Amino acid sequence: MPLIALISDVHGNLPALEAVLKKIDSYKPDQWVCLGDVVGYGPFPSECIDLIRDRNIPTVLGNHDAGVSGKLTIKHFRDPNRRLIQKTQELLTEEQLHWLRELPVSLREEDYWIAVHANPIEPLKWGYVDSAIKARNMLHSIDAQLCFVGHTHIPFLVSDQIGISGFNKQHKYLINPGSVGQPRDEDFRASYCIIDTDKWELKIERVEYNTEKVITGLSKMGFTRGESHRLLRY
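The structure presented is a predicted model; accordingly, all values stated were derived computationally and were not measured.

**Here we look at the layout of surface pockets**
Next, step 1: Considering only enclosed or pocket space, the largest pocket measures out at about 390 Å³ in volume.
Next, step 2: Surrounding the largest pocket, 21 residues form its lining, Y41, F77, R78, N81 and Y234 being those nearest its centre.
Next, step 3: Of all elements in the fold, only α3 (63–69) and α8 (225–233) reach the threshold of two or more residues within the lining of the largest pocket.

See the structure below:
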């Protein structure tokens, strides 16, 4: 059974992605999974796409990936994020846009795990799995033991039964690694998850990165410093 590295919601934040990948590399994972939203919010979408692709990290489609690539109307997004999506489209090559457009909605390994960006029951409705009740209802409806989701930007581990603490092979779990590029749990460090399926151990860890580089990058794209902070912090 492999060591799995989970990342999600990179959102064009290259300094955060580089910091996370450096930390994860020390674990030498057997499998990588990116849970979508490689672009959006951050000023380095092209660089993030290239880095994910250079490492051949399996990646699912996120709603921002769909918005930037034209699969989802930008009416679903609010300013200043809507303006950033339009600017992101201008920064990417047609080949990069095609890569985003062709990302799968889900990935899975038999009945072992399934990976999606949002809710796996109706993934293209982009619903948030943001409560233990929603997570348990969803776990009862899927046949995989582990379900990997992103989208909320908040780390999350929920078992299929109330009262279960820890992580063990007798239960099903929903696992959200949090966000690389824009955490929303008041800890603004980049977040990622390591799952050891031999020992049945799970770690959700955080790493510092250069936030000022992101603010400067957004400012160069024409956003005010206030807008840049909002895009970085939501």
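**Description of the nonpolar core**
Next, step 1: Within the largest apolar cluster, 49 residues are counted, with the highest numbers of intra-cluster contacts made by I7, L17, V20, I24, V38, L100 and V180.
Next, step 2: Of all the elements, helix α1 (residues 14–25) adds the most residues to this core, at seven residues.
Next, step 3: Among all residues touching V38, those that are not within four sequence positions of it are V10, H11, G12, C48, I49, I52, T59, D65 and W99.
Next, step 4: Within the second largest apolar cluster, 15 residues are counted, among which are L6, Y112, C193 and I195.

**Description of the packing of helix α7 (residues 211–220) against α8**
Next, step 1: Where α7 meets α8, the axes come as close as 9 Å, and the angle between the chain directions of the two elements is 125°. With respect to α8, the element α7 is oriented oblique. Regarding α7 and α8, the two cross each other, and that crossing is right-handed. Judged by residue contacts, T211, E212, V214, I215, L218 and S219 of α7 engage R225, S228, H229, L231, L232 and R233 from α8.
Next, step 2: A per-class count over the contact of α7 with α8 returns five nonpolar, four polar and three charged.

**Re the packing of aromatic side chains**
The relative placement of two aromatic rings is captured by the distance of their centres and the angle of their planes.
Next, step 1: Using the criterion set out here, one finds three aromatic pairs in the structure.
Next, step 2: Centre to centre, the rings of F167 and W200 are 4.6 Å apart; their planes meet at 40°, and the pair counts as tilted. On the criterion of sequence distance, the pair formed by F167 in the loop between β6 (156–159) and β7 (173–176) and W200 in the loop between β8 (190–196) and β9 (201–207) is long-range, its members being 33 residues apart. Of the two residues, F167 and W200, both sit in the buried class.

Rules used throughout
Residues numbered from 1 in each chain as written. Predicted model: local features only at pLDDT ≥ 70, side-chain atom pairs only at ≥ 80, totals over all residues. Heavy atoms only, no water. 1 Å grid on protein atoms, 1.4 Å probe; cavity = no way out; pocket = protein on both sides within 12 Å on 5 of 7 lines; lining within 4 Å. Points joined across faces, edges and corners; volume = space filled by probe spheres on them. Helix = DSSP H or I, 4+ residues; strand = E, 2+ residues; numbered from the N terminus. Core = buried A, V, L, I, M, F, W, Y, C linked by side-chain atoms within 4.5 Å. Buried < 20%, exposed > 50% of the residue type's maximum accessible area, 1.4 Å probe, protein only. Contact = heavy atoms within 4.5 Å. Axes fitted to C-alpha atoms, helices over the stretch in contact; angles between N-to-C directions. Parallel < 35°, antiparallel > 145°, perpendicular 65-115°, else oblique. Left-handed = near helix turned anticlockwise from the far one by under 90°. Nonpolar A, V, L, I, M, F, W, Y, C, P; charged D, E, K, R; others polar. Phe/Tyr/Trp six-rings, centres within 6.5 Å; stacked < 30°, edge-to-face > 60°.

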